[in-house]
Structure formats: structure tokens, C-alpha cells
Amino acid sequence: MIKRIQFTKMHGAGNDYIYVDTTRYPVTNPEKKAIEWSAYHTGIGSDGLVLIGTSDKADFSMRIFNADGSEAMMCGNASRCIGKYLFEYGLTGRTVITLDTLSGIKILKLNVENETVTAVTVDMGEPSETGIIDFSDTYSYVSTKVSMGNPHLVTFVEDINGINLQKIGPELENNPLFPDRTNVEFAQVLDDHKIRMRVWERGSGITQACGTGACATAVAAVIRGKAGRKSAIIMDGGTLTIEWDEKTNHVFMTGPATKVFDGTIETEE
Ligand SMILES: N[C@@H](CCC[C@H](N)C(=O)O)C(=O)O
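Each chain carries its own residue numbering, running from 1 in the written order of its sequence. Reporting of local features is limited, given that this is a predicted model, to residues whose pLDDT is at least 70; pairs of side-chain atoms are given and counted only at 80 or more, and all residues count toward the totals for whole chains, interfaces and linings. The basis for every side-chain value is the complete set of non-hydrogen atoms in the structure, without hydrogens or water.

Looking up the chain in an unreviewed UniProt entry gives the name Diaminopimelate epimerase, with the organism given as Bacteroides nordii CL02T12C05. UniProt positions are given in the numbering used here, feature names are shortened, and annotations may be inferred rather than shown by experiment. Database annotation for the chain, UniProt heading Sequence similarities (unreviewed entry): "Belongs to the diaminopimelate epimerase family." Database annotation for the chain, UniProt heading Pathway (unreviewed entry): "Amino-acid biosynthesis; L-lysine biosynthesis via DAP pathway; DL-2,6-diaminopimelate from LL-2,6-diaminopimelate: step 1/1."

If you want it as C-alpha cells, here you go:
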């Protein structure tokens with residue numbers, strides 16, 4: 001049977017996903033749909049698929065699938081886009097929204113001007129599983145691992161333009177040290193509050209931006225004594241402001257969310 005599913009294509013700093021309100025359009029087998037729909041030539045084209053749903057613990061829920069169909073615990077850029085989606089499509093009138101994710105409940109604070117969500121701040125919770133990994137025998141790096149619900153490996157370098165991310169990204173993503181694979185960030189500190197970062201995402205490859213990756217980079221910079229607690233993380237597709245609050249130990253991410261277009265896709269059930 002062929003079903004028609006309405007979706008919205010959105011991006012956060014260039015990290016683009018297909019958003020479906022599953023209360024209206026349930027999606028069966030999302031792992032397979034994420035692969036099919038994310039394909040640029042034969043599908044809609046995206047970094048993955050995001051499902052918005054109900055929750056008995058929070059106002060709404062989010063599930064995120066990478067372009068290879070794997071499910072992730074958390075997505076920073078998608079959480080901001082969901083805030084915009086919920087408010088602008090009238091699913092809520094609240095400007096503070098709780099979102100149930102596989103890595104816990106996140107709180108979204110919407111900045112609204114003339115009924116339009118111009119920016120969203122997300123309380124991303126506490127970083128965990130931090131540690132230093134010495135890769136100096138294979139690469140000349142000493143990297144920092146940080147979990148923001150999902151795993152990240154951050155490497156600070158002198159010149160980010162010298163990094164062949166297409167080659168080293170998948171090598172590190174699939175390094176045996178990370179049985180669940182990892183997201184890979186390379187970062188160059190520009191000053192105490194400004195960091196240039198590029199990302200290879202687990203399950204999606206090079207993306208224009210990664211919200212949890214930006215948080216992990218800001219946290220790693222503090223741990224390694226390279227920057228202050230509040231930094232602008234400048235990625236290929238845009239900039240996020242990340243603050244690691246000393247009192248609460250929570251990381252706060254602020255940035256844009258953009259709607260690209262609405263569409264309908266026909267799919268076989
Ligand atoms: N782009 C996201 C993270 C998406 C999931 C990631 N690729 C993973 O598998 O952990 C973000 O903005 O945080």
C-alpha cells in the first residue's frame with residue numbers, strides 16, 4: 001500500500017533533517033526510511049530523519065536517525081528546529097518546551113519575534129565520559145572524548161584547513177576504541193571565546209554543523225585549557241554559542257533554526 005507522508009525540511013546552521021509529526025503521520029521502519037529519504041539523488045536529501053512525537057514524561061518527544069539509518073541518542077541542531085516547528089505550526093503556544101530524547105529530557109527556550117522563532121537555547125545537560133586519548137603513535141594527535149548523550153572525539157589542531165576530514169573522519173569514527181563508533185570534530189582555537197570547528201558525523205559523514213559536536217568542542221576546550229566557558233563555535237554552515245555553566249555543570253546551546261520547505265513523500269508500507 002502506498003502512503004503519503006507530509007514532512008518539513010529544516011536546518012540548524014546547515015545541518016539538515018527531514019521532520020515528520022508522527023502524531024499525524026506515523027512512520028514505520030524509520031531506519032529504512034532514513035536511508036531512502038536522506039539520499040540526495042533518489043530521495044529528499046538530508047543528513048537524516050527526525051520524528052516528533054508525544055511523551056508521557058515531557059511536552060513532546062524526538063527520535064533522530066542518521067542518513068545510514070542508525071538511531072542516535074541526541075541531536076542538538078534538531079532540538080532547536082523542533083522548537084521552531086512546534087511553535088510555528090501551532091502544536092504549542094509555549095516558549096519553554098520540554099523534549100523527551102533517548103539521552104533524557106531537554107529544555108528548549110524559544111526566542112520569538114512577531115510570532116517567528118528567531119533562535120532557541122537548549123539546556124543540553126551535563127557532559128560525561130570525558131577523557132584524553134593519545135593517538136600520537138598513529139596520528140600526531142592527543143584528542144579529547146566527550147559525551148553529550150552521544151559520543152564525540154575532539155582534536156585541536158593549529159591549522160584546520162590542513163585536515164583531510166573525508167579520509168580521517170571515517171578512520172576515527174570506526175576506530176576499535178569506539179565500539180559504538182564516534183562523531184569526530186577537528187577544531188582550531190581562534191581566541192579565548194572563538195573556535196573554528198569541522199565535523200565528521202557518525203552515520204552521516206561530513207555535515208555543515210553539529211550541535212552536540214559544538215557542545216563537546218566547547219567542553220573539550222575548557223578541559224584542555226584552550227578557551228573560556230562561553231565560546232562561539234564557527235562551523236561550515238553557521239555559528240552556535242555554547243556556554244558550559246560552572247554552577248550547574250550544564251551546557252547551554254544557542255543558535256538558529258530554519259525552515260526550508262514542506263513536502264509530501266509517497267512511501268510503500
Ligand atoms: N547533528 C547532530 C547529531 C546527530 C547524531 C550523531 N550523528 C550521532 O550519531 O551521534 C547534532 O546536531 O547534535
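Student: Hey, could you run me through the environment of Leu 108 in this one?
Tutor: Strands here mean DSSP runs of E at least two residues long; helices mean DSSP runs of H or I at least four residues long; both are numbered from the N terminus. With respect to the helices, strands and loops of the structure, Leu 108 is situated in strand E7 (residues 104–113). Relative accessibility thresholds used throughout: buried, under 20% of the residue-type maximum; exposed, over 50%; partly exposed, between the two (1.4 Å probe, protein chains only). Looking at Leu 108, the relative accessible area reads 0%, which means it is buried. Once the C-alpha coordinates of Leu 108 and Ile 82 are considered, the two residues, 26 residues apart in sequence, prove to be 9.2 Å apart. Not counting residues within four places of it along the chain, the set of residues in contact with Leu 108 comprises Ser 79, Gly 83, Thr 95, Val 96, Ile 97, Leu 99, Val 120, Thr 121 and Val 122. Contacts were defined at the residue level, with two residues in contact if any of their heavy atoms lie within 4.5 Å.

Student: Hey, could you run me through helix H3 (residues 165–173) in this one?
Tutor: One turn of the α-helix equals 3.6 residues, which is why residues spaced by three or four share an orientation. For H3, every residue scored as buried is listed here: Leu 165, Ile 168, Gly 169, Leu 172 and Glu 173. Relative to the axis of H3, the buried residues are bounded by an arc of 130 degrees and lie together on one face. Turned more than 90 degrees away from the buried face of H3, the exposed residues are Gln 166 and Lys 167. The inward-facing, buried residues of H3 abut strand E11 (151–156), strand E12 (183–191), strand E13 (194–201) and strand E14 (205–207). Arc, as used here, means the arc of the directions from the helix axis to the C-beta atoms.

Student: In this structure, what is going on with the pairing of strand E3 (residues 48–53)? I would like to understand it.
Tutor: When a strand is regular, its side chains alternate between the sheet's two faces. When you tally the buried positions in E3, you get 6 out of 6 residues, the bulk of the element. Covered by surrounding structure in E3 are Gly 48, Val 50 and Ile 52 together with Leu 49, Leu 51 and Gly 53, the residues of both alternating faces. Here, strands pair whenever DSSP counts at least two bridges between them. Bridge analysis of strand E2 (residues 15–21) against E3 gives 4 bridges, and the strand direction is parallel. Directly across from Val 20, in E3, lies its bridge partner Leu 51. Handedness of the crossover joining E2 and E3 through helix H1 (residues 30–38): right-handed. Direction of pairing for E3 relative to strand E4 (residues 60–66): antiparallel, over a ladder of 6 bridges. Opposite Val 50, over in E4, you have Ile 64 as the bridge partner. What sits between E3 and E4 in their antiparallel hairpin is a turn of 6 residues. By convention, a crossover is right-handed whenever its connection, traced from the first strand over the helix to the second and viewed with the strands pointing away, goes clockwise.

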